[in-house]
Amino acid sequence: MRGLTAWCCGLIFFLPFAWMVLTSLHAEPDAATNPPAWGAPLTLDGYRAFFGAADGAAPWPPLLNSLTASTLSTALVLLLAVPAAYALSIRPVRKWTDVLFFFLSTKMLPAVAGLLPVYLIARNTGTLDTVWLLVVLYTSMNLPVAVWMMRSFLAEVPVEIIEAASIDGAALPTVLLRIVAPVAAPGIAATALISFIFSWNELLFARVLTGVVAGTAPVFLTGFVTSQGLFLAKVCAAAACVSLPVLVAGFAAQDKLVQGLSLGAVK
Amino acid sequence: MAAPSDARPAGAAAERGTPGPPPGHPARTAHGARTARTARPVQGRAAARSRRAPLLPALVFLIAVTQLPFVGTLVISFMRWNALAPDDRGFGGLDNYRAAFTDPDLRAALLTTVVLTAVVVLVSLALGLGLALLLDGPFRGRGLVRTMIITPFLVVPAAAALLWKHALYNASYGLLNGSLTWLWALFGSDAAPQPDWMSSVPLVAVEVSLIWQWTPFMTLILLAGLQSRSPDTVEAARVDGAGSRQVFRHLTFPHLRRYLELSALLGSIHVVQNFDAVFTLTSGGLGTANLPYTVYATFYQAHDYGRASAEGVIAVVCTMVIATFALRTVSSLFKEANA
């Protein structure tokens, strides 16, 4: 009974996604029909049309921009968050809880609150419409979550090993690289995936601060319908392609996802 | 930051009648004490500095990229500054705030934000609780169902909005109306109702798509909460003859309360800032413009920098109310875990 109810609920939640994938695999005339053509023959035309789009509407540059911005900002997040989490959990600074909560409070500042000054600074420094700008912003967006997650992962590293290494004269970078990183590797990987997902999904900053050169996949996607006219199969194929990296990353990090989403408050 | 009452977790535990701290707790306490003891008394200023050093890059970066721009927004909110009239720039006092608050559109946006956030959070919380309770028990294919339920949260929000707008809500060939036609045809009727969802119930349409996206979030956190409850207590209650309903009311619900608060508040923080769904589904039309969209429109379309900044500050004040509660809840859970 429980199983049946759960399966029904699961299928209901899964249905819109399944419908998106099914529609993306239909030919255009079969995609936009009423009643729906459930059993229409499958084709990859939607995907071919999406990737073969000519005239500056090719999806590769935006996908590449998203990949660059998300990957670089994730790397930067880890570079900043691992030492910070070390200072907050393994050898804590004074008032470390206050610092930890300061990190969290910045996450709760609405993005629109800093949009305009960021735009003006970017315009005056000539960084508008560059991936670098997004890298910096996405890093600040994900850093609080990463510090919180990393802190709870690093708390599991045995202090004795670190103390022994310190007595042997190991400097902080060595300790982080040789001891903390290998022990906390699964946690670091989960943090990286979540940071990647959030960066990949971001729309507001990318929409305002990028244009033709550095536009990301979500920006491309929202502009896709207006520029191409509505071809349902193609739109669904585009949505599926843009979501694919996040789906893969999300399914991989399923267990750790909760910890990231709840800012490490729930283990 | 308001410190949460330290008595609370202990009180809650006493209320539940938990027999002592759960296993694993003493170990963590010992660990905490150990980390505290590493602060040797001999260390001077140099040692404190070396302790702080790894923290500083992250802290400085975050202050520079998030706090300074907000100060900028605060300053510009008191200025007369429209990019379309660049010469008329100067100190404007409270003009922008006055203009913002007397603007019926902004008032409507405030109301929309409140309604949208409340409806989305409450409905997805209720659904999430039901799903978490379902997923907590054993059944065949549980992992698969869990994966299916997580999927909506993993679809890129902009893609999800497009999916709802074009593949589901569309009046002439969306799945909703298509299914209606199909169902009616099963009974031999060709007069199925074909409502135009996006224009007849625009706000509900936005809400449904967001509920679809946020229910998994609630489910995941509540499920983690359920699974952190010690099975022994439930077992004991069962042995004492408590029914499912009693177990839920007296054991599960009190335990879940703070997880419910946490997911509601973190959900609110995100939904109150929602931009993707409003922007993509309705472009803020038909009474669906929320505060973030309004700030975006004032800035991006009206180019009124002063006014947009004032609206941005208002958005921050509104979020701060939720954020304060969120921080308090997180810190009480956090204290409990570290106690």
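Residues numbered from 1 in each chain as written. Chains lettered and ligands numbered in written order. Predicted model: local features only at pLDDT ≥ 70, side-chain atom pairs only at ≥ 80, totals over all residues. Heavy atoms only, no water.

Student: Any details on the overall build of chain A? Residues and values, ideally.
Tutor: Tallying secondary structure elements over chain A gives 14 helices and zero strands in all. Reading chain A from its N end, one meets helices and strands in the order α-α-α-α-α-α-α-α-α-α-α-α-α-α. If you line up chain A on its principal axes, its C-alpha atoms span 70 × 60 × 30 Å. For chain A, the proportion of its 267 residues judged to be buried stands at 58%. Total accessible area computed for chain A in this model is approximately 10,300 Å², and 70% of it derives from carbon and sulfur atoms. If the 13 positive side-chain charges of chain A are averaged to one point and the 12 negative ones to another, these points end up 8 Å apart. (Helix = DSSP H or I, 4+ residues; strand = E, 2+ residues; numbered from the N terminus. Buried < 20%, exposed > 50% of the residue type's maximum accessible area, 1.4 Å probe, protein only. Areas by Shrake-Rupley, 256 points an atom, 1.4 Å probe, with all protein chains shown as cover. Lys, Arg positive; Asp, Glu negative; His and termini not counted. Charge placed at Lys NZ, Arg CZ, Asp CG, Glu CD.)

Student: Tell me about the interface of chain B and chain A, and name the residues and values.
Tutor: Taken together, the contact pairs 102 residues of chain B with 102 residues of chain A. Roughly 8,900 Å² of surface becomes buried between chain B and chain A when both sides are summed, with 78% attributable to carbon and sulfur atoms. The tally of links between chain B and chain A comes to zero salt bridges. Connecting chain B to chain A are 16 residue pairs in polar contact (both at pLDDT 80 or more). Partitioning the side of chain B that touches chain A into residue classes produces 67 nonpolar, 28 polar and seven charged. (Contact = heavy atoms within 4.5 Å. Buried area = accessible area lost by both parts, 1.4 Å probe. Salt bridge = Lys/Arg side-chain N within 4 Å of Asp/Glu carboxyl O. Polar contact = N/O pair within 3.5 Å; in protein donor to acceptor, adjacent residues only side chain to side chain. Nonpolar A, V, L, I, M, F, W, Y, C, P; charged D, E, K, R; others polar.)

Student: So, the pairing of strand β2 (residues 85–91) of chain B: which residues are in play, and what are the values?
Tutor: All names here are of chain B. With three bridges connecting them, strand β1 (residues 79–82) and β2 associate as antiparallel partners. From the neighbouring strand, Arg 80 faces β2, where its bridge partner is Gly 90. If you look at the hairpin formed by β1 and β2, you'll find two residues sitting between the two strands. (Pairing = 2+ DSSP bridges.)

Student: Explain the environment of Arg 229 of chain B residue by residue, including any values.
Tutor: Residues and elements named next belong to chain B. Here Arg 229 is to be found in the loop between α11 (202–227) and α12 (231–239). Here Arg 229 falls in the buried class, since its relative accessible area comes to 18%. The spatial distance from the C-alpha of Arg 229 to the C-alpha of His 255 is 7.2 Å, given a sequence separation of 26 residues. Contacts of Arg 229, omitting those with residues within four sequence positions, involve Asp 136, Val 234, Thr 252 and His 255.

Student: Can you explain the UniProt feature "domain: ABC transmembrane type-1" (unreviewed entry) in chain B? Please cite residues and give values.
Tutor: Taken from the UniProt record, the annotation "domain: ABC transmembrane type-1" (unreviewed entry) applies to residues 110–326 of chain B. As a span, residues 110–326 of chain B carries 78% helix and 0% strand, and end to end its C-alpha atoms are 20 Å apart. (UniProt positions renumbered as here; feature names shortened; annotations may be inferred.)

Student: Please provide a residue-by-residue account of the UniProt feature "transmembrane region" (unreviewed entry) in chain B, values included.
Tutor: All names here are of chain B. Residues given the UniProt feature "transmembrane region" (unreviewed entry) here are residues 55–79, 108–135, 147–164 and 313–334. A helix fraction of 84% and a strand fraction of 4% characterise residues 55–79, whose end C-alpha atoms lie 36 Å from each other. For residues 147–164, the end-to-end C-alpha separation is 20 Å, with 89% helix and 0% strand making up the annotated structure.

Student: I'd like a description of the packing of aromatic side chains, backed by residues and values.
Tutor: Geometrically, a pair of aromatic rings is defined through the distance of the ring centres and the angle of the planes. Applying the stated rule across the entire model yields 26 aromatic pairs over all chains. Pairing Trp 164 of chain B with Trp 212 of chain B gives two aromatic rings, centres 5.6 Å apart and planes at 65°, and the pair type is edge-to-face. You can see Trp 164 of chain B sitting in helix α8 (residues 157–168) and its partner Trp 212 of chain B sitting in helix α11, a full 48 residues away along the chain. With respect to burial, Trp 164 of chain B and Trp 212 of chain B carry one shared label: buried. Relative to Tyr 305 of chain B, the ring of Phe 299 of chain B has its centre 5.7 Å away and its plane inclined at 40°; by these criteria the two rings are tilted. With respect to burial, Phe 299 of chain B and Tyr 305 of chain B carry one shared label: buried. Three or more aromatic residues joined by ring pairs make a cluster, and in this case those are Tyr 119 of chain A together with Trp 81, Phe 275, Phe 279, Tyr 293, Tyr 296, Phe 299, Tyr 300 and Tyr 305 of chain B. The lysine or arginine in question, Lys 107 of chain A, covers the ring of Phe 198 of chain A, its NZ or CZ lying 5.6 Å from the ring centre. Geometry around Trp 81 of chain B places Arg 89 of chain B over its ring, the cationic atom sitting 4.2 Å from the centre. (Phe/Tyr/Trp six-rings, centres within 6.5 Å; stacked < 30°, edge-to-face > 60°. Lys NZ or Arg CZ within 6 Å of the ring centre and 35° of its normal.)

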